[in-house]
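If you want the building blocks of each chain, they are given just below.
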Amino acid sequence: MSVFHDEVEIEDFEYDEDEETFYFPCPCGDRFAITKEELESGEEVATCPSCSLIVKVIYDKDLFMTGEIVESPSLAETKLEVAQS
């Protein structure tokens, strides 16, 4: 079991679009970091590269979910369904 230094909401992190990484200041002077990809995979722990502290990231997992692209039905299939009704 992990002992978190703190729990921090994702809105309090700074987002770097180039690196696709969220950052939050660490007491040691460095920054906690968690990538967008990690959030999409359900990760909720941001780590500091300079010390052993970790924080729990509070965020809505549904906003970061990635998955299959579901194609909408084609126009021909829709017309067929209407014709069969």
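Computed from a prediction, not measured in an experiment: that's the story for all the values here.

**Observations regarding the overall build of the protein**
Tallying secondary structure elements over the protein gives two helices and six strands in all. Along the protein, from the amino end to the carboxyl end, the secondary structure elements read β-β-β-β-α-β-β-α. Out of the 85 residues belonging to the protein, those deemed buried represent 20%. Restricting to contacts in the protein with at least 6 residues of sequence separation, those with at least 24 account for 33%.

**Some remarks on the pattern of salt bridges**
One pass over the full model with this rule turns up two salt bridges. We note a salt bridge from glutamate 44 to lysine 61, for which the minimum N-O separation is 3.2 Å. Placement of glutamate 44 in the loop between α1 (36-40) and β5 (45-47) and of lysine 61 in the loop between β6 (54-58) and α2 (75-84) is noted, with a sequence separation of 17 residues between them. Using a relative accessible area of 33% as the deciding quantity, one classes lysine 61 as partly exposed.

**So, the packing of aromatic side chains**
Scanning the entire structure with this criterion turns up two aromatic pairs. Consider the rings of phenylalanine 13 and phenylalanine 24, whose centres lie 5.4 Å apart with planes at 40 degrees: the pair is tilted. Taken together, the residues span a long stretch of sequence, with phenylalanine 13 in the loop between β1 (6-9) and β2 (14-16) and phenylalanine 24 in strand β3 (residues 21-25) at a distance of 11 residues. Note on phenylalanine 13: relative accessible area 8%, which makes it buried. Arranged with centres 4.4 Å apart and planes meeting at 40 degrees, the rings of tyrosine 15 and phenylalanine 22 form a pair that is tilted. For the cation-ring pair, arginine 31 lies above tyrosine 23, with the distance from its terminal atom to the ring centre recorded as 3.7 Å.

About the criteria used
Residues numbered from 1 in each chain as written. Predicted model: local features only at pLDDT ≥ 70, side-chain atom pairs only at ≥ 80, totals over all residues. Heavy atoms only, no water. Helix = DSSP H or I, 4+ residues; strand = E, 2+ residues; numbered from the N terminus. Buried < 20%, exposed > 50% of the residue type's maximum accessible area, 1.4 Å probe, protein only. Contact = heavy atoms within 4.5 Å. Salt bridge = Lys/Arg side-chain N within 4 Å of Asp/Glu carboxyl O. Phe/Tyr/Trp six-rings, centres within 6.5 Å; stacked < 30°, edge-to-face > 60°. Lys NZ or Arg CZ within 6 Å of the ring centre and 35° of its normal.

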